[in-house]
Amino acid sequence: DSMRTALLLLVALTAAAQAPRTELLWPEGAPGAAGNEDADRPTLTIYPAAQPNGAAVLICPGGGYVNLAMDHEGKQVAEWFNSFGVTAFVLKYRLAPRYRHPAMLDDARQAMRMIRSRAKEFGIDPARVGVMGFSAGGHLASTLSTHFGEGERPDFAVLCYPVISLTTRYTHSGSMRALLGDPPDPSLVWELSNEWKVTSATPPTFLFHTNADTGVPPENSILYYMALRRAGVPAELHIYQEGRHGVGLAPKDPVLSTWPARLKDWLAVRGIIPAP
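A few points about the layout of surface pockets
Over the atoms, a rolled probe matching the size of one water molecule traces out where space is still vacant.
Thinking step 1. Estimated volume of the largest pocket: approximately 200 Å³.
Thinking step 2. Considering the residues around the largest pocket, the lining is formed by H72, Q76, G243, R244, V247, A250, P251, K252, D253 and L256.
Thinking step 3. Classifying every residue of the lining of the largest pocket by side-chain character gives four nonpolar, three polar and three charged.

The following block contains the structure:
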């Protein structure tokens, strides 16, 4: 009987250890906080893998810098990564109109520092920590990939139908105005049009988009891919013919739902996860 009790306790403890938990990104208060409400308190939700392989990813959901798609571009993605041993961290970053740049980037940079500084506690390899973002979250992930400080550079980046360019006719003007205000400061428009900011130090990048995306045209991914090519940075780009903007893992689409498998292959090719 005591054996059975001990076993049940072990099972309960294991489940608790693997349950997602949410922590404040800035326990002492975020820099430039406008108040002390939920909107002023960015968080990181930790999704531990049951059988961790040491790799980790910081996930930035999309939402045009005014909302966050925390389920289909956060939780579902984190659980998918967990399924093959990757520890995932979903970022709830600050949003417009209450906040403008650089609050969102400050949050992403702080998240990367926090993940790396606690790598041992999280059971991850600090040299295999990537960033992933969807839509406006893809813009944030590409900004982190091109505007990082000491200890903040992602080891890889995954950009899904990302907002990239702020200086071409392919610009998602809603995201730009939310991030930079209306009218936006022209110097910041150029500074955060990330296809111009790629260097050889930008992390290897996987890009996914659809040809039918009318919200954020696929030229955003193409411009970034071309910049990576020019800088000699390893990159892989997939543009599917069909599919609307904001599909997430696209579980209901038999064709689009294959893109995560392409990403998993690429992570293995890069040595981020063990080869199958």
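With respect to the side chain of E73
Thinking step 1. With respect to the element layout, E73 can be found in helix α2 (residues 71–82).
Thinking step 2. For the buried residue E73, which engages in no salt bridge, the nearest side chain bearing the opposite charge is R244, 7.4 Å off.
Thinking step 3. At a separation of 2.6 Å, a polar atom in the side chain of E73 contacts the side chain of Y161.
Thinking step 4. The residues touching E73, leaving out its near neighbours within four places in the chain, are I59, P61, G62, F134, Y161, G246 and G248.

Comments concerning the packing of aromatic side chains
Thinking step 1. Per the counting criterion, the structure on display carries eleven aromatic pairs.
Thinking step 2. Between F134 and Y161, the ring centres sit 5.8 Å apart and the planes meet at 55°, which makes this aromatic pair tilted. Highlighted residues: F134 in strand β5 (residues 129–134) and Y161 in the loop between β6 (157–160) and α6 (173–180), separated in sequence by 27 residues.
Thinking step 3. The exposure class assigned to F134 is buried, which follows from its relative accessible area of 0%.
Thinking step 4. Judged by its relative accessible area of 1%, Y161 is buried.

With respect to the pattern of salt bridges
Thinking step 1. If you walk through the whole model with that rule in mind, you get 16 salt bridges.
Thinking step 2. Across the salt bridge formed by R118 and E23, the nearest N and O atoms sit 2.8 Å from each other. Here R118, found in the loop between α3 (103–117) and α4 (119–122), pairs with E23, found in strand β1 (residues 21–24); they are 95 residues apart in sequence, far enough to count as distant.
Thinking step 3. With a shortest N-O distance of 3.8 Å, R98 and E37 are connected by a salt bridge. Pair noted here: R98 is in the loop between β4 (87–92) and α3 and E37 is in the loop between β1 and β2 (43–47), with a separation of 61 residues, a long-range link.
Thinking step 4. Judged by relative accessible area, R98 falls into the partly exposed class, the value being 38%.
Thinking step 5. Each member of the salt-bridge network shares a partner with another, and the members are R21, E23, R118 and E121.

Some points on the environment of G149
Thinking step 1. Along the chain, the position of G149 falls in the loop between α5 (136–146) and β6.
Thinking step 2. Spatially, the C-alpha atoms of G149 and R113 are 9.5 Å apart, while their sequence positions differ by 36 residues.

Notes on empty space enclosed by the protein
Thinking step 1. With the rule as written, the count across this model stands at one cavity of 30 Å³ or more.
Thinking step 2. If you add up the space inside the largest cavity, you get close to 30 Å³.
Thinking step 3. The wall of the largest cavity is formed by Y65, H101, M104, L105, H139, L140, T143, L179 and L192.
Thinking step 4. For the lining of the largest cavity, the element with the most residues is α5, which contributes three residues.
Thinking step 5. Class assignment for the residues of the lining of the largest cavity results in six nonpolar, three polar and no charged.

A look at unusual backbone geometry
Thinking step 1. Going from H101 to P102, the amide bond is cis rather than trans, its omega being 10°.
Thinking step 2. Along the chain, the position of P102 falls in the loop between β4 and α3.
Thinking step 3. Here the amide bond leading from D182 into P183 is cis, since omega sits at 0°, within 30 degrees of zero.
Thinking step 4. Of note, P183 is situated in the loop between α6 and α7 (186–191).

How each quantity is defined
- Residues numbered from 1 in each chain as written.
- Predicted model: local features only at pLDDT ≥ 70, side-chain atom pairs only at ≥ 80, totals over all residues.
- Heavy atoms only, no water.
- 1 Å grid on protein atoms, 1.4 Å probe; cavity = no way out; pocket = protein on both sides within 12 Å on 5 of 7 lines; lining within 4 Å.
- Points joined across faces, edges and corners; volume = space filled by probe spheres on them.
- Nonpolar A, V, L, I, M, F, W, Y, C, P; charged D, E, K, R; others polar.
- Helix = DSSP H or I, 4+ residues; strand = E, 2+ residues; numbered from the N terminus.
- Buried < 20%, exposed > 50% of the residue type's maximum accessible area, 1.4 Å probe, protein only.
- Lys, Arg positive; Asp, Glu negative; His and termini not counted.
- Salt bridge = Lys/Arg side-chain N within 4 Å of Asp/Glu carboxyl O.
- Polar contact = N/O pair within 3.5 Å; in protein donor to acceptor, adjacent residues only side chain to side chain.
- Contact = heavy atoms within 4.5 Å.
- Phe/Tyr/Trp six-rings, centres within 6.5 Å; stacked < 30°, edge-to-face > 60°.

From the geometry alone we can't say anything about function, so treat these as descriptive.
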